[in-house]
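# A look at the structure
Each chain is listed here by its residues.
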Amino acid sequence: MSEKRSASKIDRVAMPEQDPKVRARNFLEVPTGYTMEMAQAEAERCLQCAKPGCVQGCPVSVDIPGFIDILTRGDVSGAVQRIWLKNALPAVCGRVCPQEIQCEGNCILGKKGKPVAIGNLERFCADYVRENSKDEALPEKQPSTGKKVAVVGSGPSGLTVAGDLIVKGHEVTIFEAFHKAGGVLVYGIPEFRLPKDIVAQSVNFLEQLGVKVDCNAVVGRIVSMDELFAQGYDAIYVGVGAGLPKFMNLPGENSIGILSANEYLTRANLMKAYQFPKVDTPIPIGKNVVVLGAGNVAMDAARTAMRLGAESVKIVYRRSRAEMPARAAEIHHAEEEGIEMCLLTNPTQYLADQNGRLVGMECLKMELGEPDESGRRKPVAVKGSEFRIPCDLCVVAVGSGANPLLTSDTADMKTNKWGYIIADEKNGKTTKRGVWAGGDIVTGAATVILAMGAGRQAADSIHDFLTFGW
Amino acid sequence: MFPIIRREEMASGTIILNEIVAPMIAKKARPGQFVILKSHEEGERIPLTMADTNPEKGTVTIIYMVVGKSTAQFRDLKVGDSFQDIIGPLGKATHLEKVGNVVCVGGGTGIAVLHPITRGLKKIGNNVTCIIGARDKELLIMEKDMEKASNQMIVCTDNGSYGRHGFVTDALKDLMDAGQVDMVVAIGPVPMMKAVANLTREKKIPTLVSLNPIMVDGTGMCGCCRVTVGGKMLFGCVDGPEFDGHQVDFDELNMRLKSYREEETKCYNEYCTMRDAQ
């Protein structure tokens, strides 16, 4: 132990990354990953706290000191198995979790210096095992219970539920509306942040365990939830995400060259339109691009536009830097790649040419006033500050709402006034017997790991139901 | 995979019919709904309103005009070949109601979409007149089917090569002048639907149109298919595809349909060159 304490004085091992100038024009992953030496050096920094704050900060309670300790001994496979006990998607979470407010945010080393790079280590373990072992060891499955579970949506929460329940001996079928499984991991998060072969591998892993994945299956259209019960399913988990794009409702919004972030990113990621015309789906290539909004999705859209060859990309946001909802690391990466932040700027109108194509945005300068109901200082327009930003592409990334396609087909599953499904916070039970829900369709747009946490709780509750009853 | 079991060429090979095995969709689909098709791994998702379904056989039928690379790829599929993906049934079904005298106006491949709706309207007791049109006799499709699906039929060609010489709107105007028309359903090219809506607006005849905006997911997730109806932004995929023709901003729809015109032309030309070289 004393050795480790002294080791903690060494600096956090920096994650090697592609050079910003180079990566701003390609779709390869930005961080290139630790080597074994780097990972072990970083693992040595962990103090192995008796009461680890990191575990408390993790929504799925991964045994973080445990896997790091195994890693220091060079047993990467053992380390990843320790993570798997709580988290089936370490390669994904190591990349996209907001560690700075979760595990790493609670790391004792962070009080005086930099916290242990838990995300980087998690990613290393998952990648190393995926790349170096021929046959992935499958977790042991319980004997078949004869019970059938339908999982609607193959995003992070649906995949978690499927993985948890298949090993408990239940029969699991995932229904996915798109032609490819993975949900937001496939259509939303860009290749340069989360390579799609990692998502495919995670889905494939579940299929090897016996999970059936039905793509092109829009539940609520091709089959209703009651029909699923009639077909012999004993329980249904709904994890369909918050798939309804929000627009600004400004004049000129239907001009050509204005896309929701959902559309822009789906074209780029799911349809791989960045390879057009090698693939058949086109995507508008903007010369001067404006992205409205300042969350992680806005950063993804801005960085995608840059990679597609834009001359300028601007984030337009009505509040100040302090209120930007994106992770600091994402903002940092975006700025390194040359994306400009037009803060305290509020768009008021889209401007189009005679063919209906976007040519610019009319904006107002803002200043911060009194705090509003969200606790953030309310932006107030500066009189007479109208100005124009020329642009030929605008991506609207101001959040998403609840898609009513499934809920409107299922009257006895109650929703709140915003259309999100009402579900028990502790176990995910909805108002409809035999149906659970979790992830963004319950909470509104949140993170991958929170959706996985909700999936885990629901899976436990579904297992209880299948074993003991409602 | 979704195999093609019947393939027909219509209108001198510019319009293709595919009957495709998709039992789950066939069982659920109702007139007016659409599917999204993708022929291969790197293909585009193309929305097409179903021309027919056969729940017993487990098939859906689509009829489409070859207008770009993706529809050209569809055309090149033979009987026994498969679409990689079909998603559906999507969109709202037509609200079929007995109202009295109904006129169904169809142009181009819109006639295919109009067919099951016409049949449905007649079946529940409406007196259905259909007016179908094309630029030229060679481009006219489904004449016999439409005749069977309706009580009476008027055929028009723009150039007078067959049937009545003139536009479908001319024939509709005559019908409106001659007697009571309680409802109009118009499906076809945007300018045709716009002209029909303009004609029926004055006499306040309820007019249903089926729109074909560009889509990606078809489930209300992306907003690509947004249309302005009655001054409100709606989504073609989940709020439609059918709307009150008097409320639709057709000019905006027409404009938005040209969003990718340049890319589409380039892609199609390259595909044709490649194909001819083989």
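Residues numbered from 1 in each chain as written. Chains lettered and ligands numbered in written order. Predicted model: local features only at pLDDT ≥ 70, side-chain atom pairs only at ≥ 80, totals over all residues. Heavy atoms only, no water.

This part takes up the pairing of strand 11 (residues 358–371) of chain A. Residue and element names in this part refer to chain A. The sheet contact formed by strand 10 (residues 345–352) and strand 11 spans seven bridges and is antiparallel. Within the sheet, the bridge partner assigned to Ala-352 lies in strand 11 and is Leu-358. When strand 11 meets strand 13 (residues 387–390), the two strands line up antiparallel, connected through four bridges. Along strand 13, the bridge assignment pairs Met-361 with Ile-389. The pairing of strand 11 with strand 12 (residues 377–381) spans four bridges and is antiparallel. Directly across from Met-366, in strand 12, lies its bridge partner Ala-381. The antiparallel pairing of strand 11 with strand 12 creates a hairpin that spans five residues between the two strands, and Gly-375 there sits at a positive phi of about 90°. (Pairing = 2+ DSSP bridges. Helix = DSSP H or I, 4+ residues; strand = E, 2+ residues; numbered from the N terminus.)

We now examine the packing of helix 5 (residues 64–72) of chain A against helix 8 (residues 118–132) of chain A. Residue and element names in this part refer to chain A. The geometry of helix 5 relative to helix 8 is characterised by a closest axis approach of 11 Å and an angle of 60° between their N-to-C directions. In terms of orientation, helix 5 and helix 8 fall into the oblique class. When you trace helix 5 past helix 8, the crossing you get is left-handed. On the side of helix 5, the interface is formed by Ile-64, Phe-67, Ile-68 and Leu-71, while helix 8 contributes Ile-118, Leu-121, Glu-122, Phe-124 and Cys-125. In the contact of helix 5 with helix 8, the residues fall into eight nonpolar, no polar and one charged. (Axes fitted to C-alpha atoms, helices over the stretch in contact; angles between N-to-C directions. Parallel < 35°, antiparallel > 145°, perpendicular 65-115°, else oblique. Left-handed = near helix turned anticlockwise from the far one by under 90°. Contact = heavy atoms within 4.5 Å. Nonpolar A, V, L, I, M, F, W, Y, C, P; charged D, E, K, R; others polar.)

Attention shifts here to empty space enclosed by the protein. Residue and element names in this part refer to chain A. Counting across every chain of the model gives two cavities of 30 Å³ or more. Computed from the structure, the second largest cavity encloses a volume of approximately 120 Å³. Every residue lining the second largest cavity is counted, 15 residues in all, and those nearest its centre are Cys-58, Ile-64, Cys-103, Ile-118 and Glu-122. Those elements that provide at least two residues to the lining of the second largest cavity are helix 5 and helix 8. Considering each element in turn, the lining of the second largest cavity owes the most residues, three residues, to helix 8. Here the lining of the second largest cavity is composed, by residue class, of ten nonpolar, four polar and one charged. (1 Å grid on protein atoms, 1.4 Å probe; cavity = no way out; pocket = protein on both sides within 12 Å on 5 of 7 lines; lining within 4 Å. Points joined across faces, edges and corners; volume = space filled by probe spheres on them.)

This next bit is on helix 6 (residues 190–202) of chain B. Residue and element names in this part refer to chain B. The end-to-end C-alpha distance of helix 6 is 19 Å, a good match for the 18 Å that 13 residues give at a rise of 1.5 Å each. Where helix 6 is buried, its residues meet strand 9 (101–107), helix 5 (168–178), strand 13 (183–187), strand 14 (207–210) and helix 7 (250–256). Immediately beyond the C-terminal end of helix 6, within one or two residues, lies Lys-204, with a positive phi of roughly 55°. (Expected span 1.5 Å × (residues − 1).)

Looking now at the nonpolar core. Counting 76 residues, the largest nonpolar core has Ile64(A), Phe67(A), Ile68(A), Leu71(A), Leu121(A), Cys125(A) and Ile462(A) as its most contacted members. Once you skip the residues sitting within four places of it in the chain, Ile68(A) turns out to touch Ala43(A), Cys46(A), Gln48(A), Val116(A), Ile118(A) and Leu121(A). By size, the runner-up hydrophobic cluster in this structure holds 44 residues, among which are Ala22(B), Ile25(B), Leu48(B) and Tyr64(B). (Core = buried A, V, L, I, M, F, W, Y, C linked by side-chain atoms within 4.5 Å. Buried < 20%, exposed > 50% of the residue type's maximum accessible area, 1.4 Å probe, protein only.)

To continue, consider the packing of helix 9 (residues 156–167) of chain A against helix 17 (residues 448–468) of chain A. Residue and element names in this part refer to chain A. For the pair helix 9 and helix 17, the least separation of the axes is 7 Å and the interaxial angle reads 35°. The interaxial crossing formed by helix 9 with helix 17 has right-handed handedness. Two secondary-structure elements touch here, helix 9 through Pro-156, Ser-157, Thr-160, Val-161, Asp-164 and Leu-165 and helix 17 through Val-448, Ala-451, Met-452, Gly-455, Arg-456, Ala-459, Ile-462 and His-463. For the contact of helix 9 with helix 17, the residue count by class is eight nonpolar, four polar and two charged.

Turning our attention to the domain arrangement of chain B. All names here are of chain B. Taken domain by domain, chain B comprises domain 1 (2–90), domain 2 (102–199) and domain 3 (211–261). Inter-centroid distance (C-alpha atoms) of domain 2 to domain 3 is 23 Å. Counting residues at the interface gives five residues for domain 2 and ten residues for domain 3. For the pairing of domain 2 and domain 3, the buried interface totals around 600 Å² over both sides, and the portion due to carbon and sulfur atoms is 71%. (Domains from an automatic or database assignment. Buried area = accessible area lost by both parts, 1.4 Å probe.)

Now for the sheet that holds strand 3 (residues 212–214) of chain A. One key point about sheets: their strands pair by backbone hydrogen bonds, in either a parallel or an antiparallel sense. All names here are of chain A. Taken in spatial order, the five strands of this open sheet run 3-2-1-4-16, and their pairing is parallel. Looking at the sheet topology across the chains shown, the edges are occupied by strand 3 and strand 16 (435–437). Strand after strand, the sheet turns through a mean of 20° between neighbouring axes, direction not considered. Bridge count for strand 1 (residues 148–152) against strand 4 (residues 235–238) is four bridges, and the pairing is parallel.

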